[in-house]
Amino acid sequence: MSANGGDSETQMQKFELYIKASAIDKETKGSCPICQQFFMMTCLLGENQDDIDFKVFTVQADCPPKNFAAGWSKKYPVVMVISGRNKSGQDISGMMYDTFEELELFFESINRDCPELKRKNAPNQAAMQVVENVYKHFNHFISGQSDKGLLGELKKLNEFLEGQDTKFLVDNVLSFSDCHLLPRLQHIRVAGKAYRDFDIPKEFIYIWRYLKYAYEQDAFKSTMPSDQDIIVNYEKKVSGPPKKRGAKPTLEKFTYTMDIPEDILRLIGSSSDEPPVEEVQENDSASPLPDPEPVYEPDTEQENFPEPPSEEPGLEPDYGAAEEPETGGKEVQEEEPPSPSVTSEENGELETTGEPETTGE
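Conventions and cut-offs
Residues numbered from 1 in each chain as written. Predicted model: local features only at pLDDT ≥ 70, side-chain atom pairs only at ≥ 80, totals over all residues. Heavy atoms only, no water. Helix = DSSP H or I, 4+ residues; strand = E, 2+ residues; numbered from the N terminus. Buried < 20%, exposed > 50% of the residue type's maximum accessible area, 1.4 Å probe, protein only. Contact = heavy atoms within 4.5 Å. 1 Å grid on protein atoms, 1.4 Å probe; cavity = no way out; pocket = protein on both sides within 12 Å on 5 of 7 lines; lining within 4 Å. Points joined across faces, edges and corners; volume = space filled by probe spheres on them. Polar contact = N/O pair within 3.5 Å; in protein donor to acceptor, adjacent residues only side chain to side chain. Phe/Tyr/Trp six-rings, centres within 6.5 Å; stacked < 30°, edge-to-face > 60°. Lys NZ or Arg CZ within 6 Å of the ring centre and 35° of its normal. Pairing = 2+ DSSP bridges.

(A) Inspection of the overall build of the protein chain at higher detail. Along the backbone of the protein chain there are eleven helices and six strands. Looking at the protein chain as a whole, 48% of its 361 residues are labelled buried. Considering only contacts within the protein chain whose residues lie at least 6 apart along the sequence, 74% involve residues at least 24 apart.

Shown next as structure tokens:
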């Protein structure tokens, strides 16, 4: 879109995204899954379009910035447009979007190169019908109800993923439906384990494969809240404290669960049509299970291994090498994922903040 309706100059879309801050330290990313959903979409648009210029601010839920309009809906996330035009050429500078419907329309209006990030895209509509009730049933489960409804939704998701020939729900890149599902699936994994000792069943190997690929995506890792913030988010929804934890979540160092158990990695490998890892590396003197060091980055991992003789379209061979170092079977990673520049807004003043090594009390 050009500023004057022509093709000679691209109109930059400059905006600010405000998301809930951590309930623990009041500065880092909070646990709101809707905030992470739109944070992911913002990052993906920024990666794929050269006309996107954005900043992200974390704000305390009860202390909004002074520049919020009087008609603010009291909900997050919020987008404040600094300058830009929508697809119709209308100037939207100074506009504020703060409801779910308005946010969807805004991101649709500035999306010119990423059809997979459009909700009305036909594959996304089909995927959303599969995943839209997963989180609702999890909330019923975490509040004390049976896991029957949640397991039914996860089974439906696993069967859907089994029928896809892609890494993610609709494509080999993250889509609108992935941005919706992944933050909520992370809550299911972390809070479900903490409060109800619930693990995603190992037989749902296509969900585990989906998570494996997702943990390799910067747009998911860098926008992810800490395990501790996710756990604190459900304190008022459950009848008791977290199970099998030492210190209170507010006193723990921030951790991020992104590992895939080794036995599930082996199941993922044996369930695919790709050749087993041992066959690909049969002339290698190393043991069948890879040494967790060195750690391979997602964008270079494929270059370190020979190409398998035949691959199913859309699937990458599983070599069992986790992106994070192994932690002796623990599900929680001690290293914090890289994060894009996020600033904290307090009393109307912006202050650049880094991720803390320890939580606040």
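On we go from here.
(B) Geometry of the layout of surface pockets. There is about 410 Å³ of room inside the second largest pocket. Along its surface, the second largest pocket is lined by 18 residues, and Lys20, Ala21, Ala23, Ser31 and Asn233 are the ones closest to its centre. With three residues, the single largest contributor to the lining of the second largest pocket is helix 9 (residues 227-233).

(C) The arrangement of the side chain of Asn86 in detail. Inspection of the secondary structure puts Asn86 in the loop between strand 3 (78-83) and strand 4 (96-97). Given the relative accessible area of 12%, Asn86 is considered buried. Within the local environment of Asn86, its side chain forms a polar contact with the backbone nitrogen of Ser88, the two atoms lying 3.0 Å apart. Only 2.9 Å separates the side chain of Asn86 from the backbone nitrogen of Gln90, close enough to count as a polar contact.

(D) Quick peek at the packing of aromatic side chains. All told, the structure shown has 18 aromatic pairs when counted by the stated rule. An angle of 85 degrees between the planes, with centres 5.1 Å apart, marks the rings of Tyr18 and Phe68 as edge-to-face. Pair noted here: Tyr18 is in strand 1 (residues 13-20) and Phe68 is in the loop between strand 2 (52-59) and strand 3, with a separation of 50 residues, a long-range link. In this pair, the class of Tyr18 matches that of Phe68, namely buried. Ring pairs connect the aromatic residues Phe15, Phe38, Phe54, Tyr97, Phe100, Phe106 and Phe107, which therefore count as one cluster. The ring of Tyr135 carries Arg184 above its face, with NZ or CZ at 5.9 Å from the centroid.

(E) Expanded view of the pairing of strand 3. Of the pairings in the sheet, the one linking strand 1 to strand 3 comprises five bridges and is antiparallel in character. If you follow Tyr18 over to strand 3, its bridge partner there is Val78. Across two bridges, the pairing between strand 3 and strand 4 is antiparallel. Bridge assignment links Val79 to a residue of strand 4, and that residue is Tyr97.

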